[in-house]
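Chain residues, written in single-letter form:
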Amino acid sequence: MPLEKPISAEMLESICMVLGSQNTGSVIGNYLAQCGIEDVDPLNTKWKRLFNAFAHHQRKHNASNGIQVFIQKTLNPVRYADNHDLFEANRTEINTRLLFIGIELMDTGKFRRVTEARTIPEAQKRADTLKAKLKDRRVHADVLLFCKAELLQDNYFHAVFEATKSVAEKIREKADLTEDGAGLVDKAFGLGTARTPKLAINSLRTESEESEHKGFANLLKGMFGMFRNTTGHAPRIRWEIDEETALDCLTLASLLHKKLDNCIRTPY
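Some points on the nonpolar core
- Residues Leu130, Leu134, Val167, Ile171, Phe189 and Leu220 are the most contacted members of the largest nonpolar core, which totals 40 residues.
- When residues of this core are traced back to their parent elements, those giving at least two are α6 (120-136), α7 (141-144), α8 (157-175), α9 (181-189), α10 (207-233) and α11 (243-261).
- Here Leu220 is in contact with Val167, Ile171, Val185, Phe189 and Leu256, once residues within four sequence places are set aside.
- The next biggest cluster of nonpolar side chains, apart from the first, holds 30 residues, and it includes Leu19, Ile67, Ile94 and Ile103.

Below, the structure is given as structure tokens:
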């Protein structure tokens, strides 16, 4: 296998953040060992542990081959035999970074060469413009995090995808749940026979407040159904998101984040 040139520190950091969020600490340690990458900082946070291990490996070998093997191992389709949707979501997330270095992980778990994505300065200009317009709308800070160059090298597809994921993650954290999509919303906000959800956006003392609560839950389901599920499964060529659509989608995500910040954890 020919030597692959080292990956820049900025791109390596972004890749490590993704891999750190997708894998447990034990998985990271196991695959670092399998790839012959020295685990130089095992007590650090997951992404920093990976970054330091990868950076050390690149300096030692002046190549990124070991890093590519690590990615292939952690995103081996066999590991996701029972959850293909998660595999595709994780593969999409890592490919938004890999496209900048001219490779793409296929659904077979193998790499292929592709034309490098738009230059980082071009993508950065797009990210800066989007962030400025969102700030004018006073969107939630958790949404602004997704105005990153590596998410905007093609269109606005991945920024919307990541922002909708962040809404689900906040619900999971606040409700101490593991589900996703509509199932997550039902578990967190469903009134059920006990009339007491895990999370509530108001006191639920009146019929009007119950109606508002149910409407918020339906809004969450609508966002997951229209944007996250679509962006998670549709090829980009069939789901072109332009700047105006992205602004609307991210503004909706902002509204949901603000409501979630103020929701109440019930004793249920």
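Here the narrative resumes.
Section: the packing of α8 against α9
- Two elements in contact, α8 and α9, have axes whose closest approach is 10 Å; the angle formed by their N-to-C orientations is 35°. Our pair here, α8 against α9, has a crossing hand that is left-handed. Between α8, through Ala168, Ile171, Arg172 and Ala175, and α9, the contact on the second element is made entirely by Leu184, Ala188 and Phe189.
- Of the residues contributing to the contact of α8 with α9, the split by class is 6 nonpolar, no polar and 1 charged.

Observations regarding the pattern of salt bridges
- Scanning the model with the defined rule gives 15 salt bridges in all.
- Residue Lys133 pairs with Glu243 through a salt bridge whose shortest N-O separation is 2.4 Å. Taken together, the positions of Lys133 in helix α6 and Glu243 in helix α11 put the pair 110 residues apart, joining distant regions of the chain.
- Exposure remark for Lys133: the relative accessible area of 34% places this residue in the partly exposed category.
- Among the residues examined, Glu243 registers a relative accessible area of 22% and is labelled partly exposed.

Rules used throughout
Residues numbered from 1 in each chain as written. Predicted model: local features only at pLDDT ≥ 70, side-chain atom pairs only at ≥ 80, totals over all residues. Heavy atoms only, no water. Core = buried A, V, L, I, M, F, W, Y, C linked by side-chain atoms within 4.5 Å. Buried < 20%, exposed > 50% of the residue type's maximum accessible area, 1.4 Å probe, protein only. Helix = DSSP H or I, 4+ residues; strand = E, 2+ residues; numbered from the N terminus. Contact = heavy atoms within 4.5 Å. Axes fitted to C-alpha atoms, helices over the stretch in contact; angles between N-to-C directions. Left-handed = near helix turned anticlockwise from the far one by under 90°. Nonpolar A, V, L, I, M, F, W, Y, C, P; charged D, E, K, R; others polar. Salt bridge = Lys/Arg side-chain N within 4 Å of Asp/Glu carboxyl O.

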